[in-house]
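Residue-level structure breakdown
Okay, here's what each chain looks like letter by letter:
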Amino acid sequence: MKKPIAWVMDTTGFVTEEFKAHPDVYIVPLNIHFGSEEFVDGVDLTNTQLYERIKNASEFPKTSQPSAGKFAELYEKLQEEYECAVAIHASAKLSGTIASSVAGADMTGFKVYAVDSLALSYGLSGLLERGLQLADQGIGAEEIAERLEQETQNFRNYILIGNLSQLYKGGRMSGAQYYLGSLLKVKPIVQLSAEGELVPIDKVRSHKKAVQYLIDHAKADHEEFKIDTFQIMHGNVHEEAESLKQEVLKINPQARVLIGDLSSSLAVHAGEGTLVLMWRKPVQ
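Predicted model, so just to flag it, every value in this text is computed and none were measured. The numbers attached to residues start from 1 for each chain and follow its sequence in the written order. Local features are withheld for residues below a pLDDT of 70 in this predicted model, meaning they are given only at 70 or higher, and side-chain atom pairs are given and counted only at 80 or more; totals for whole chains, interfaces and linings count all residues. The basis for every side-chain value is the complete set of non-hydrogen atoms in the structure, without hydrogens or water.

**A closer look at the nonpolar core**
Formally: Nonpolar cores are built from buried Ala, Val, Leu, Ile, Met, Phe, Trp, Tyr and Cys residues. Side-chain atoms within 4.5 Å join them into one set. Relative accessibility under 20% of the residue-type maximum defines a buried residue, over 50% an exposed one, and the middle range a partly exposed one, all with a 1.4 Å probe and only protein chains included. Per the convention used, a helix needs a DSSP run of H or I reaching at least four residues, while a strand needs a run of E reaching at least two, with both numbered from the N terminus. The contact definition used throughout considers only heavy atoms, calling two residues in contact when any of these lie within 4.5 Å.
Counting residues in each nonpolar core, the largest one holds 24 residues, and the members touching the most others are Leu214, Phe230, Ile232, Leu244 and Leu277. Secondary structure elements with two or more residues in this core: strand E8 (155-160), helix H9 (207-225), strand E11 (229-234), helix H10 (238-251), strand E12 (256-261) and strand E13 (275-280). When near neighbours in sequence (up to four residues on either side) are disregarded, phenylalanine 230 contacts Ala218, Val248, Ala255, Arg256, Val257, Leu258, Leu277, Met278 and Trp279.

**Description of helix H5 (residues 122-136)**
Let me state the cut-off plainly: To estimate the expected span of a helix, count its residues, drop one, and scale the result by 1.5 Å.
End to end, H5 covers 21 Å across 15 residues, agreeing with the expected 21 Å (1.5 Å per residue, within 8%). Those residues of H5 that fall on the buried side of the exposure criterion are Tyr122, Gly123, Leu124, Ser125, Gly126, Leu127, Leu128, Gly131, Leu132 and Leu134. A positive backbone phi angle near 85 degrees is found at glycine 138, which sits one or two residues after H5.

**Describing the environment of glutamate 149**
Counting through the fold element by element, glutamate 149 comes out in helix H6 (residues 141-151). Between the alpha carbons of glutamate 149 and leucine 94 there is a distance of 17 Å; along the sequence they are 55 residues apart. For glutamate 149, the residues in contact, after removing those within four places along its chain, are Ala114 and Val115.

**Side note on the pattern of salt bridges**
Note the following rule: Whenever Lys or Arg places a side-chain nitrogen within 4 Å of a carboxyl oxygen from Asp or Glu, that contact is recorded as a salt bridge.
All told, the structure shown has nine salt bridges when counted by the stated rule. In this structure, the salt-bridge partner of aspartate 24 is lysine 3, at a minimum N-O distance of 2.9 Å. With aspartate 24 in the loop between helix H1 (17-21) and strand E2 (25-28) and lysine 3 in strand E1 (residues 3-10), this residue pair connects regions lying 21 residues apart in the sequence. Looking at aspartate 24, the relative accessible area reads 15%, which means it is buried. One salt bridge connects glutamate 247 with lysine 250, and the closest N-O pair in it is separated by 3.1 Å. Residue glutamate 247 and its partner lysine 250 are both found in helix H10; the two are separated by three residues, about one turn of the helix. Taking relative accessible area as the criterion, lysine 250 reaches 61% and is therefore assigned exposed. Salt bridges here are not isolated pairs; linked through shared partners, they connect Lys3, Asp24 and Glu81.

**Focus on the sheet that holds E2**
This is how it is decided: Strand pairing is assigned whenever DSSP identifies at least 2 bridges connecting the two strands. Where helices are involved, their axes are fitted lines through C-alpha atoms of the stretch in contact, as for all axes, and angles between N-to-C directions lie from 0 to 180°.
Spatial ordering of the open sheet is given by E2-E1-E6-E7, a layout of four strands whose pairing is parallel. On the outer flanks of this sheet lie E2 and strand E7 (112-116), each paired with one strand and no other. Averaged over neighbouring strand pairs, the angle between their axes works out to 20 degrees when direction is ignored. Pairing between strand E6 (residues 82-89) and E7: five bridges, direction parallel. Within the sheet, the bridge partner assigned to alanine 85 lies in E7 and is valine 112. Packed onto the sheet, helix H4 (residues 97-108) meets E1, E6 and E7 and runs at close to 170 degrees relative to E7.

**Focus: unusual backbone geometry**
Positive phi is not limited to glycine here, since leucine 118 has a value of about 55 degrees. Mapped onto the fold, leucine 118 is located in the loop between E7 and H5. The class of leucine 118 is buried, set by a relative accessible area of 19%.

**Some points on the confidence of the model for the protein**
Our working definition: Per-residue confidence from the predictor is given as pLDDT, running between 0 and 100.
For the protein, mean pLDDT is 89; residues scoring 70 or higher make up 92% of the total. Here residues 170-184 is a poorly scored stretch, pLDDT under 50, and it has 16 contacts once near neighbours within four places are set aside; other chains count.

**With respect to the sheet that holds E8**
Read from one edge of the open sheet, six strands run E10-E9-E8-E13-E11-E12, paired in mixed fashion. Looking at which strands have only one partner, the edges of the open sheet turn out to be strand E10 (198-204) and E12. Shown here is a sheet whose adjacent strand axes are inclined to one another by a mean of 20 degrees, direction ignored. Judged from the six bridges that link them, E11 and E12 form a sheet pairing that is parallel. Considered in E12, the bridge of threonine 229 is made with arginine 256. Helix-sheet contacts for H5 involve E8, E11, E12 and E13, and the interaxial angle to E13 is about 30 degrees.

**Observations regarding the pairing of E8**
Taking burial as the measure, the six residues of E8 include five buried ones, the bulk of the element. One ladder, built from six bridges, connects E8 with E13; its direction is antiparallel. Bridge assignment links leucine 160 to a residue of E13, and that residue is leucine 275. Here E8 pairs with strand E9 (residues 187-192) via two bridges, running antiparallel. Bridge pairing in E9 places isoleucine 159 opposite valine 190.

Right under this line is the structure:
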């Protein structure tokens, strides 16, 4: 007898130890390219090695989505064991991964409910966790996918960019913006919008003030919505992430606060030193 649901996520999401150990969760990696060299996200390079390569690279690295064929290979195998799959992917505004996933499903005829998370990092992982909870309640895959799509609007995130030079090298900042930002020590704060786009929301003149900016927004939402779970993602600055965690616990001492590394595919763009604070408003 086939199992009801397989769960699929790509590596723009935060791959927890629980996901790695879960028998029904399957992670599809993106690829990282340094010139003619190709590395599999989360497999061939540690984040520390990635940051060292970026510092010394003559050419800025690029990322690429998994091919439709790669997803088709996975779905061919899954349909032997599962009735269907729920696949949660990075925002379609930022990556073509969900399109590859849907195309791979079409190639095999396997039923896949693809969910655009409208997010990155724990934005995907939180939806996967929620999907597993709903499945434990006996809810079917189609309804789970519909609920997850609705819950994308509950996601809140504030991203403190750690390395302006990486944004500049990656073509996401002009030379003039980079020069002025470096000169003035500006710390840009960006956000994944409700439409899944990465948008600048503020510029703060010091790192300390920028971190406080994240904390103030978390506090405001906790006072209104009683947030009990927060996620902190970071670009190779674990001590800063731990310090931010202590500040978040002052907001809600009973909160669950998870700390994790940015995935390699995100670290390529966000840069070493990046701090991200995220949470979801509770489901009404």
